[in-house]
Number of protein chains: 4
Amino acid sequence: MLRFENDYTQGACKEVLQALTQTNMDATPGYGKDEYCERARERIRELCACPEADVHFLVGGTQTNQTVIAAALRPYQGVLSADSGHIQTHETGAIEATGHRVMALPTPDGKLRASQIEQAVRAHFGDSNAEHTVQPGMVYISLPTENGGLYTLEELKEISETCHKAGLYLYLDGARLGYGLAAAQDGLCLRDLAALCDAFYIGGTKQGALFGEALVLTAPALKKDFRYHIKQRGGMLAKGRLLGVQFLALLEDGAYFAYSRNAMERARELAEGLKERGVSLLYPQETNQLFPILTKAQAEALEKHASYSFWCAMEDGNVCVRLCTSWATTPEQVQQLLSYID
Amino acid sequence: MLRFENDYTQGACKEVLQALTQTNMDATPGYGKDEYCERARERIRELCACPEADVHFLVGGTQTNQTVIAAALRPYQGVLSADSGHIQTHETGAIEATGHRVMALPTPDGKLRASQIEQAVRAHFGDSNAEHTVQPGMVYISLPTENGGLYTLEELKEISETCHKAGLYLYLDGARLGYGLAAAQDGLCLRDLAALCDAFYIGGTKQGALFGEALVLTAPALKKDFRYHIKQRGGMLAKGRLLGVQFLALLEDGAYFAYSRNAMERARELAEGLKERGVSLLYPQETNQLFPILTKAQAEALEKHASYSFWCAMEDGNVCVRLCTSWATTPEQVQQLLSYID
Amino acid sequence: MLRFENDYTQGACKEVLQALTQTNMDATPGYGKDEYCERARERIRELCACPEADVHFLVGGTQTNQTVIAAALRPYQGVLSADSGHIQTHETGAIEATGHRVMALPTPDGKLRASQIEQAVRAHFGDSNAEHTVQPGMVYISLPTENGGLYTLEELKEISETCHKAGLYLYLDGARLGYGLAAAQDGLCLRDLAALCDAFYIGGTKQGALFGEALVLTAPALKKDFRYHIKQRGGMLAKGRLLGVQFLALLEDGAYFAYSRNAMERARELAEGLKERGVSLLYPQETNQLFPILTKAQAEALEKHASYSFWCAMEDGNVCVRLCTSWATTPEQVQQLLSYID
Amino acid sequence: MLRFENDYTQGACKEVLQALTQTNMDATPGYGKDEYCERARERIRELCACPEADVHFLVGGTQTNQTVIAAALRPYQGVLSADSGHIQTHETGAIEATGHRVMALPTPDGKLRASQIEQAVRAHFGDSNAEHTVQPGMVYISLPTENGGLYTLEELKEISETCHKAGLYLYLDGARLGYGLAAAQDGLCLRDLAALCDAFYIGGTKQGALFGEALVLTAPALKKDFRYHIKQRGGMLAKGRLLGVQFLALLEDGAYFAYSRNAMERARELAEGLKERGVSLLYPQETNQLFPILTKAQAEALEKHASYSFWCAMEDGNVCVRLCTSWATTPEQVQQLLSYID
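This one's a predicted model, so the numbers in the text were calculated from it and none came from an experiment.

Calculation rules
- Residues numbered from 1 in each chain as written.
- Chains lettered and ligands numbered in written order.
- Predicted model: local features only at pLDDT ≥ 70, side-chain atom pairs only at ≥ 80, totals over all residues.
- Heavy atoms only, no water.
- Contact = heavy atoms within 4.5 Å.
- Buried area = accessible area lost by both parts, 1.4 Å probe.
- Salt bridge = Lys/Arg side-chain N within 4 Å of Asp/Glu carboxyl O.
- Helix = DSSP H or I, 4+ residues; strand = E, 2+ residues; numbered from the N terminus.
- Polar contact = N/O pair within 3.5 Å; in protein donor to acceptor, adjacent residues only side chain to side chain.
- Nonpolar A, V, L, I, M, F, W, Y, C, P; charged D, E, K, R; others polar.
- Phe/Tyr/Trp six-rings, centres within 6.5 Å; stacked < 30°, edge-to-face > 60°.
- Buried < 20%, exposed > 50% of the residue type's maximum accessible area, 1.4 Å probe, protein only.
- Lys NZ or Arg CZ within 6 Å of the ring centre and 35° of its normal.
- Least-squares fit on C-alpha atoms with pLDDT ≥ 70 in both.
- Axes fitted to C-alpha atoms, helices over the stretch in contact; angles between N-to-C directions.
- Parallel < 35°, antiparallel > 145°, perpendicular 65-115°, else oblique.
- Left-handed = near helix turned anticlockwise from the far one by under 90°.
- Pairing = 2+ DSSP bridges.

**Q** Any chance you could explain the interface of chain C and chain B here in plain terms?
**A** When the parts of a complex come together, some accessible area is lost, and that lost area is often used as the size of the interface. Between chain C and chain B, the contact holds 42 residues from the first and 42 residues from the second. Each partner contributes to the roughly 3800 Å² buried at the junction of chain C and chain B, and carbon and sulfur atoms together form 56% of this total. Summed over the shared surface of chain C and chain B, the number is 0 salt bridges. Every element with two or more residues in the side of chain C that touches chain B is listed here: α1 (14-22), α3 (61-72), α10 (226-232) and α11 (241-251) of chain C.

**Q** I keep staring at the interface of chain D and chain A and nothing clicks. Help me out?
**A** Residue-level contacts link 42 residues of chain D with 42 residues of chain A. Here chain D and chain A share an interface that buries about 3800 Å² over both sides, 56% of which is from carbon and sulfur atoms. If you look at where chain D meets chain A, you find 0 salt bridges. Counting the contacts that link chain D with chain A gives 31 residue pairs in polar contact (both at pLDDT 80 or more). Listing elements by their share of the side of chain D that touches chain A, those giving two or more residues are α1 (14-22), α3 (61-72), α10 (226-232) and α11 (241-251) of chain D. Classifying every residue of the side of chain D that touches chain A gives 19 nonpolar, 15 polar and 8 charged.

**Q** It is not clear to me how the packing of aromatic side chains should be interpreted in this structure. Could you clarify?
**A** The description of an aromatic ring pair uses the distance of the two centres, along with the angle that the planes make with each other. Applying the stated rule across the entire model yields 34 aromatic pairs over all chains. Their ring planes at 55 degrees and their centres at 6.0 Å tell us that Tyr 140 of chain B and Tyr 171 of chain B sit as a pair that is tilted. You can see Tyr 140 of chain B sitting in strand β5 (residues 135-142) and its partner Tyr 171 of chain B sitting in strand β6 (residues 169-173), a full 31 residues away along the chain. Side by side, Tyr 140 of chain B and Tyr 171 of chain B carry an identical accessibility label, which is buried. One aromatic cluster is present, built from ring pairs that chain together Tyr 283, Phe 291 and Trp 311 of chain A. Over the ring of Tyr 151 of chain B we find Lys 111 of chain B, and its NZ or CZ is 5.7 Å from the ring centre.

**Q** Whenever I open this one, the relation of the copies chain D and chain A confuses me. Can you help?
**A** The two chain copies are related to each other by a rotation about an axis together with a translation along it. When chain D is fitted to chain A, the best match, at an RMSD of 0.0 Å, comes from turning it 180 degrees and sliding it 0.0 Å along the axis. Considering both components of the superposition, the chain copies are consistent with a two-fold axis. Residue by residue, 100% of the interface of chain D is reproduced at the interface of chain A, so both copies engage with the same surface.

**Q** Can you help me understand the packing of helix α2 (residues 35-47) of chain D against α11 of chain D in this one?
**A** When two helices pack together, their arrangement is given by the angle between the helix axes and by the axis-to-axis distance. All names here are of chain D. Their axes nearest at 7 Å, the elements α2 and α11 cross at an angle of 40 degrees. Considering their axes alone, α2 and α11 lie oblique with respect to each other. Once α2 is placed against α11, the crossing between them reads as left-handed. Listed contacts from α11 to Tyr 36, Cys 37, Arg 39, Ala 40, Arg 43, Ile 44 and Leu 47 of α2 are Arg 241, Gly 244, Val 245, Phe 247, Leu 248 and Leu 251.

**Q** What's the story with the sheet that holds strand β6 (residues 169-173) of chain D in this structure? I'm lost.
**A** To summarise the sheet geometry, strands pair through backbone hydrogen bonds and adopt either a parallel or an antiparallel arrangement. Residue and element names in this part refer to chain D. Across the sheet, which stays open at both edges, the 7 strands sit in the order β2-β8-β7-β6-β5-β3-β4 with mixed pairing between neighbours. Pairing within the sheet leaves two strands with one partner each, and these edge strands are β2 (54-58) and β4 (102-105). Averaged over all neighbouring strand pairs, the angle between strand axes comes to 25 degrees, with direction disregarded. Relative to β6, strand β5 (residues 135-142) runs parallel, the two sharing 5 bridges. In the strand pairing of β6, Ile 141 is matched with Leu 172.

**Q** Can you walk me through the pattern of salt bridges in this structure?
**A** When the charged atoms of two side chains with opposite charge come close together, those side chains can pair. Evaluated as defined, the whole model comprises 70 salt bridges over all chains. Ionic pairing is found between Arg 227 of chain A and Glu 131 of chain C, a salt bridge with its closest N-O pair at 2.6 Å. With one member in each of two chains, Arg 227 of chain A in helix α10 (residues 226-232) and Glu 131 of chain C in the loop between α5 (114-125) and β5 (135-142) form a pair that bridges those chains. Accessibility expressed as a relative area gives 9% for Glu 131 of chain C, which makes it buried. The residue Arg 39 of chain C makes a salt bridge to Glu 252 of chain C at a minimum N-O spacing of 3.0 Å. Of this pair, Arg 39 of chain C sits in helix α2 (residues 35-47) while Glu 252 of chain C sits in the loop between α11 and α12 (255-276); the two residues are 213 residues apart in sequence, bridging distant segments of the chain. A relative accessible area of 38% places Arg 39 of chain C in the partly exposed class. On the basis of relative accessibility, which here comes to 38%, the residue Glu 252 of chain C falls in the partly exposed class. Among the charged side chains, a salt-bridge network with shared partners connects Glu 38, Arg 41, Glu 42 and Arg 45 of chain A.

This is the structure in structure tokens:
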């Protein structure tokens, strides 16, 4: 069965697997205090042009989101998010489990606007009974968004400025960050994110690692005692070096970016093929997630040969599904997938 | 200054004050284990025609909501509410502070529909990845609603049935319950609520008591160890008998209902007076909260003589404000208020 | 039945009741934003000789403890307490419910020592894997302690200095503060507490009010947005002026201190009477709580006429019970109680 | 540098690494819904002789403890543990972060006694004000304990019976379970644990896996909706099959047990060698953790060649350290380590 339902159906890229194998019998200190982690942290600071950043490695995205957000907020604060944001839709209330509201705002396309943030801030702090309501303390955005969209550098600058003028932290969920950066048309890069965000993570799980996310903290106030937060939330891996080894393999010689480009090329081939077949997309293809609208017949036919994610039912009876390319997708797989759609 | 901004600007009705004074030097056991509380509980069970109900007295509404909801939900569950519900809008995230999401649904008028609940339930339990999302575990409704509306008995029956078919608890916030029952045109009474809800409270604070809410639990599973929940959430009053004494004074001879009728009569006089002055209301007047739309000039003139709550700015530059009558409002006060509006 | 089981068996002192009655029909803003609260806050700042202190009124002790401690601690921090501290023994895990550990330390007499705090701090911060353990962030002490003991001014100074050198907040639970100050032999007064503690509360519930505790915050970092914390934890009374009115009545002309002295005089008469009857005490009588050790026969005889709290079983078969005098105890009641013991 | 500070300094055993490599490019569904996980679950049920057990795979121990305990307890309940238990000493308050107290009991040797549990239960439920105190809801024990001790089958039976008579869950932390079972002199095996415990986990991280713990739930009430808990606590691995693949490799042909025996043989050689050198142990050697008491000179000399964990300072100036053997320790390494001690 061809699997296009997400970008984490397979194991790790060869660089990662090889590095894990080669270092397997090394004996190192635990909990990320080893040399591999230290080198990976150094490499990330270098790529971010941010020597004073703190870098931590966690196992997965929900864990990372929960840990950062709970560390940043005061008990009475909440986090502003698009209502399509992962923390709102697919983390089983992990943020609320730490005591904080996800303050979900509607968007047409999964992208928060600076003006929405401004309005939420004004509404709260302008209220003479503000203490009866949840105070916004952080903004959460995803790059790419949950439906494959991209913020431009300009948009990010505006959001960052709005947040910081209002005293809110800006946190960027980069579960698919490499794909986002590879797709950006305006040169958006890690250095920009380090300059604009207070915290963001470079996703490994969906981009060639077995698992792992690299969290970059730039705001001084967030750095203090952050390892306590990780440990308390169950995110401190005993064999922490596994995360350092993987990120080192991905970032040392640019494999991460090369694999990201592969996913984008496959995504464009897929988009083109769908267009040729007259299949329209719910959102414009920008990154590695595509949302074709299929007839019921097409969807059922496809299902026999390839897996996809159900996205939503359309009003006319058609169905929108999600297809993902990944670091590992081959041109042949794309063509094969297309051959099942007509 | 005339105060119409809410229904808790004044102390207690004479029956309550007198009872507190008369019993003041009695020495009783603490924490609600006294005879006054026991008699008040008995009286409430009688009024509810529900001899097996558990009745607990708490000090305020937010505390009661937080305690009941946290007691009822499993860690991964949330509570469905109208997005205008008090737990969503005015409790500073008290529900989230206990680890649970308020799952806010939009309504045109502050009233949840059975069909919305059904849809939320279907969306959740029909999802093959349901465990990635918050599970609805309870429905929260307010009677009257936060904008003064009323559920009919029929609507409540439908909601109750929908909840119980889906395995959800139904909880009714009765901060202004007396006013709601006094306003009901279909005979809705405490017995109905006891039959339809798993938990609800009879508000005292806004209806003649100094403070206090009487929580009625009918669902057997909610009753177990409930006093632990109250104590843990800081809601167990040392001199618990103060709550029993007050509810006994209010309910023994029907003062609670008489005062509620007073508030409704005053509300109707106020509505009529506003109509005569050509002032329209944002929502139809149903209970003791009125939402007149004033011109800026009217609002500013009024402000000099009487307090009100700002509700929202209208698109045409007018302002909607909230005016409340209460157990203590006199016909003279209503006429005086009206005299400031022209 | 004579009730000596605690110091909150009765209502309010006459000054409080009268003030509540006189102000009953005043209409004021809610949530503590009224003039009575403002005057009471001013009076407390004056008594504390601390014009920049923030003063908040809450309903009860558990609520106050929970709100202050949760506001002060970072998620990975805990609060050091004697293992006999109220937050450890009698609040149903209210502190843990906000996510924080009570770090209980053993003491012979309910009083934490500065050296214990120092040792806990050293053990934590000296650990190279400190992030795997709970970080102490605050010290909680009670004055008087839960078994009626008193810290001296010297001891408090030493604890305060130790806390502040280590970066820990010092919080003092003053549920019976008036009794403690009235009993102090070294002139300990509110000004000292304001100078030494970051937060403490002046207990009303057990000292002549119907209910209510006055929280004094002196540490600037604790003041920020504190009303949000109170609201979120369910502690913001709608008719907040009830608290202001009561504390004003208690503190305006010194009634609070006079009633405290009454309790102390009664306690000394009771101690003397017990001694005359050959009854020994588990702890030396210092404040208004006494812990006589009775034979089973004595305890059973007493039980028929007067209520007490069971404290603990002694190894020799005797029982230790708790007897409390209060603001309301009369010399006659003490003598009557004594007459039941022989 | 020789590393004996813990049993997770190295990667995975060859069976695990090979299985990960061989399955690396397989494309499977995520989140543990793949065939490898299913087969591993089946194998574990078989080894436990418990076909109706639910088996879940999580990444690490703190995460597993936090998830199980928070899922099992009601908000006002706590978990009884030896005060040396991992949840009390080395998880940064992860249990409290979910709202629950660790009710730590002192033990001479890290092993809870059934009689202690009984006494805690009696003290709580026999208290007429029980609702003012934390209710015990679960018992947490570790096998082996944190200082390398072992419960006998008899002791486990007694604890299990005590728990179940009192309505408490019994949960066993098996971070080093294989080593414990390999060391047991009384035939203790997985079947016994499945019969006696409501939940326990089979540790992978410290016993040949890269990471991963296999949680076995036998109590029906714990099984419901458990995947929600895992997701909410951040413990649901996207590439969940990595856990299934590893446990399958470990358990299919008994590698797990063989490696456990290796650790035990090395531990005995080490114990013997230490004895020959006149080095005494703080606790008798039972499993793979050894606690030799070294002179300062010995400790400093050893430090140059081999890493160990500092355990505690002895009163006479000596130091107790922890040395661990593991699945990977060779006889040569043990002899080399011993050669550095004299």
